[in-house]
Structures are given as structure tokens and as C-alpha cells.
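Summary of the model geometry
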Amino acid sequence: MGERACKVCNNWWWNGRGVPDRYTDQDIGVGRWNHRGSGLLSLSALTLFVVLLAYYLVTFVGKLWGARDHLLQLVLKLTLFTAMAIHPSLALCSLLRSKLKSGLPHLRWTTTLNVGYLVKRAQVLDIGRKGLPGKPFLAACVIYPLVISIYRAVSFVYLSECPLSMYGTLSSASGFFAMEYWGLFMYLFYFIRVSFQRQFALLISFIRKHEGKTEICNGALFTAAMDFSCFRELVNLYSFMMLPAVVFSTIGFLTSGYMLNKDCSSYGSHNVVYFQLGVALYIMELSTLFFYVTCLGGIRVDYLYHDFYVHLIHMRSDQHRVFWDGLLRNASHLLSNSYALLLTISFSVITMFMELNFNTDQYVANLCNGTHVSSCV
């Protein structure tokens, strides 16, 4: 029994070759970052960022609330704010749960953002020997948000007639950090996804080697399935919040851009600024979908476990029929793969947008005469 337990426990220490390799924070090069004040430092930084985003939310809602002709603009601002606030909010929630040692099952997804979980993902990829995976994608996740932020800042500073204010400065700074946070979040998803591809490949080799040993193979299967279920829950939650915001804001800015081009007889500086900022945001929304699909390898990550399960079916043999029946039955518990939720969310968002009853004539007039406040609010 002790030998079986050791073999199962060793799964937690697999490196990229499937060899148990017990490590310390010094071995993987994070010793200098892991000190007594690191937790407090990260908590303070995240809290400060969330407070700045809250100030931005309260400010623009206060300026736009109750104005019927600015209803669409308010909704678009809220969707943009949602896209900006998702990433630090998820990270802060994960950090707080880790500090409070909360065992709430509905917050299991927060484990995915814990340091211990990510270190384990790095161990599977053997980054100490092979380095980080997908370095070109990491560079794109860092550089692209920087380019978009610079483009937006240049359009606002050099083309806008809006006066410099604390609100505008904090808004631009928050937007820059939120964009970089988004880019790093996309790479984090890619990093975890690639690590599970490697772990499932190692697990297949492990099961093939120990075929017929039910307790050992089930223990290794449950270890991988438990980790993967946390990642899948995080991706599903992220999709639930992010994709509707992207769909809504994309449709909204296409609509306002069409109205601006169709009904305005002339273009002042305010319209030029609105157009430039709209272009930047529209590019960002499209790139969000591109980076999202690239980092996950699809819309969802269920296919990773599904491919693993299919591989197990192909390995099944009559010689160990009882073993395989039990293993496949246990493995099938995670095979829920439905796109109904995402489709429902997307169509409900589109329907809600089409049913918004805002004053179209007044909205177009505001766009054309410069009283539309999107460039400054």
C-alpha cells in the first residue's frame, strides 16, 4: 500500500519527462521573489488597481447616468470597464481566498491563479531546462497591448480638445495597465493549456506502463482531473464575463460609427478623436477574440480532456477489462462539453442591444455637433 501511495504522490512532482523531481523555490528560480512581504505587496498592488478602476466607474457613471441620449454610450463604457476589470478582479479574488484559506467549492477556480498551482504547471513543462513555452506569443501579449495603449494616448493627447484632468490621467493609466494585464492573462491561459497537454501525454504513458493497477492509475487520473477541472472552471467563468462584453461593444461601436458616417455632413475635431478612439477600441475587441482563441486553442478547453479520454478508449484491452471499465467510467465524469451557455449569452446580448430604446436622433445630433462626450468621459 505504501508503494502505491508513493507512486500516486510522485505524480505531483512530475517534470517534463515524467520523472518525479522534488524542487524548492530556489531550484526553479523564484526564491528571490518569494519572501515574507511578497503576499502583502501583491495584495496591495491589486487592491490599488481595483480602487482606481472603481473610481473610473463611479466618475463616468455619474456623468452619464440619467441622460437618455447618452444611454448607448453608458452601456458601451460599462462593457469596456468590464473588460478592463475582469483580470485584476479574478486575481484579487484568488489571492484573498488563498490568504483566508477559504474552502468554498464554488470558488475552486481560484486555485488556478495560486502560486503553488502555477509552479506545478511550470514543473510539468520543465521550464528550468527548456525555458518558457511560446516565447513569440508572450512577446505579442506584451507588445501588442503597449502599441494599442500608445495609439489611444496619442489620439487623445494630440487630437482631442479635452482639458488635461486627474480623471483623464487616471483613466489613461488604468487603461494601459489593464491592457498589459489582459495580455499577460492571455499568456497565462496559454501556459496552463500547454502544460495540461504535456501532463495528459505523460499520464497516458503512465497508465500504459501500470495497466491493470487500478489504485495507482485511478490516483494519477484523479490528480490530473482535479487540477484540470479548476482550470476549466476559470475559463468558463472568464468566457461568461468577457465574451458578452466583447460582442456588445463591437456591435455598439459599429453602430455608432455607421451613424456618424451616414448622418454627419461634416467632421470636426471631436469626431476625429471619437473615430480614432473607436478604431483603437474596435481593433482591441477583435484582437481579444484572436488572442483568446489562440491561447486556449479554441473557444473552450474541454477538447484537451476529451482527446485524452479518446486516447484511453483506444488503449483499452480485453486482457484487463475490469480495470479499463472502471478507469473509463471514472474518467467520463469530466466529459461535459456544451456550447449552449456561450451561445445563449451571445444571442441574449445581441437581443438586448437591439431592444435598447435610446433616442437615435438626439444621439446622432450629439455625434455631429460635438456635444457627444465620449472623447472626454
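Just so we're clear, the structure is a prediction, and the values are computed from it rather than from any experiment.

1. Focus on the overall build of the chain
On a plain count of helices and strands, the chain comes out with 13 helices and zero strands. Reading the chain from its N terminus to its C terminus gives the helix and strand order α-α-α-α-α-α-α-α-α-α-α-α-α. Burial status across the chain gives 45% buried among its 377 residues. When the accessible surface of the chain is totalled, it reaches about 19,200 Å², and 66% of it is carbon and sulfur.

2. Brief notes about the nonpolar core
Counting 71 residues, the largest nonpolar core has Ile207, Phe231 and Tyr238 as its most contacted members. Residues in contact with Tyr238, not counting those within four places in the same chain, are Ile86, His87, Leu90, Trp182, Phe185, Met186, Phe189, Leu243 and Tyr292.

3. Looking at the side chain of Arg121
Tracing the backbone shows Arg121 in helix 4 (residues 115-125). Judged by its relative accessible area of 0%, Arg121 is buried. Those residues in contact with Arg121 that sit more than four places away from it in its chain are Phe191, Ile192, Ser195, Phe196, Gln199 and Asp227.

4. Structural notes on the side chain of Thr112
For Thr112, the location among the structural elements is in the loop between helix 3 (71-100) and helix 4. A polar contact of 3.1 Å, which involves the side chain of Thr112, links it to the backbone oxygen of Trp109. Setting aside residues no more than four positions away along its own chain, Thr112 makes contact with Tyr117, Leu118, Ile192, Cys230, Phe231 and Leu234.

5. A word on the pattern of salt bridges
Under the defined criterion, the tally for this structure stands at eight salt bridges. Arg108 is paired through a salt bridge with Glu233; the nearest N and O atoms lie 2.2 Å apart. In this pair, Arg108 is assigned in the loop between helix 3 and helix 4 and Glu233 in helix 8 (residues 214-263), connecting sequence segments 125 residues apart. Residue Arg108 is classed as partly exposed on the basis of its relative accessible area of 36%. Note that Asp325 is salt-bridged to Arg316, the shortest N-O span being 2.4 Å. Residue classification places Asp325 among the partly exposed residues on the basis of a relative accessible area of 32%. For Arg316, a relative accessible area of 31% translates into the label partly exposed. One connected set of salt bridges, linked through shared partners, spans Arg316, Asp318, Arg321 and Asp325.

6. A word on the packing of helix 10 (residues 302-315) against helix 11 (residues 321-331)
Remark: helix 10 packs on helix 11, axes separated minimally by 11 Å, with the N-to-C direction vectors making an angle of 170°. Considering their axes alone, helix 10 and helix 11 lie roughly antiparallel with respect to each other. Of the residues in helix 11, those touching helix 10 at Tyr305, Tyr309, Leu312, Ile313 and Met315 are Trp324, Leu328 and Ala331. Here the residues of the contact of helix 10 with helix 11 are counted per class, giving eight nonpolar, no polar and no charged.

7. Points about a nonpolar patch on the surface
The grouping of Val142, Ile143, Val147 and Leu184 at the surface amounts to a nonpolar patch, some 330 Å² of accessible area in total. No other element matches the three residues that helix 6 (residues 135-159) contributes to the nonpolar patch. Mapped onto the fold, Val142 is located in helix 6. Accessibility expressed as a relative area gives 33% for Val142, which makes it partly exposed.

8. A few points about the environment of Cys93
Counting through the fold element by element, Cys93 comes out in helix 3. With relative accessibility at 25%, the residue Cys93 sits in the partly exposed group. Filtering out sequence-adjacent residues up to four positions away, Cys93 remains in contact with Leu107, Trp109 and Thr110.

9. What about the state of the cysteines?
Going through the model one piece at a time under the given rule, you end up with zero disulfides. No disulfide involves Cys141; its nearest neighbouring cysteine sulfur is the one of Cys295, lying 7.5 Å away.

10. Some points on the packing of aromatic side chains
Applying the stated criterion across every chain yields a total of 27 aromatic pairs. Ring centres of Phe189 and Phe231 lie 6.1 Å apart, and the angle between their planes is 70°; on these two criteria the pair is classed as edge-to-face. Here Phe231 lies in helix 8 and Phe189 lies in helix 7 (residues 166-209), a separation of 42 residues in the sequence. Members of the aromatic cluster, joined through ring pairs, are Phe185, Phe189, Phe196, Phe200, Phe228, Phe231, Tyr238, Tyr292, Tyr305 and Phe308.

What counts and how
The residue count restarts for each chain, going from 1 along the sequence in the order it is written. Two thresholds apply to this predicted model, a pLDDT of at least 70 for residue-level local features and 80 or more for giving and counting side-chain atom pairs, whereas whole-chain, interface and lining totals are computed over all residues. With hydrogens and water set aside, each side-chain value is computed from the structure's full complement of heavy atoms. Runs of E in the DSSP output that reach at least two residues are strands. Runs of H or I that reach at least four are helices, and both are numbered from the N terminus. Partly exposed describes any residue whose relative accessible area lies between the buried limit of under 20% and the exposed limit of over 50%, with all areas from a 1.4 Å probe on protein chains only and scaled to the type maximum. In this description, accessible areas are obtained by the Shrake-Rupley approach with a 1.4 Å probe, and a residue is regarded as covered only by the protein chains that are shown. Residues grouped as a nonpolar core are buried Ala, Val, Leu, Ile, Met, Phe, Trp, Tyr and Cys residues, joined through side-chain atoms within 4.5 Å. A contact between two residues is defined here by any heavy atoms of the two lying within 4.5 Å. Here a polar contact is recorded for every N or O atom pair within 3.5 Å, except that within protein the pair must consist of a potential hydrogen donor and a potential acceptor, and residues adjacent in sequence are included only if both atoms are side-chain atoms. Within this document, salt bridges are pairs made up of a side-chain nitrogen of Lys or Arg and a carboxyl oxygen of Asp or Glu, the two lying within 4 Å of each other. Lines fitted to C-alpha atoms define the axes, with helix axes restricted to the stretch in contact, and inter-axis angles between N-to-C directions lie between 0 and 180 degrees. Every angle not falling under 35 degrees, over 145, or within 65 to 115 is termed oblique; those three ranges are roughly parallel, roughly antiparallel and roughly perpendicular. Under the convention adopted here, Pro, Cys and the residues Ala, Val, Leu, Ile, Met, Phe, Trp and Tyr are nonpolar, Asp, Glu, Lys and Arg are charged, and Gly plus all remaining residues are polar. Two joining distances apply to patches: 9 Å for like charges and 5 Å for nonpolar side chains (Val, Leu, Ile, Met, Phe, Trp, Tyr), and every residue must have over 30% relative accessible area and no salt bridge. Sulfur atoms of two cysteines make up a disulfide when they are within 2.5 Å. Between 30 and 60 degrees the pair is tilted, below 30 it is stacked and above 60 it is edge-to-face, where a pair is any two Phe, Tyr or Trp rings, Trp via its six-membered ring, whose centres lie within 6.5 Å.

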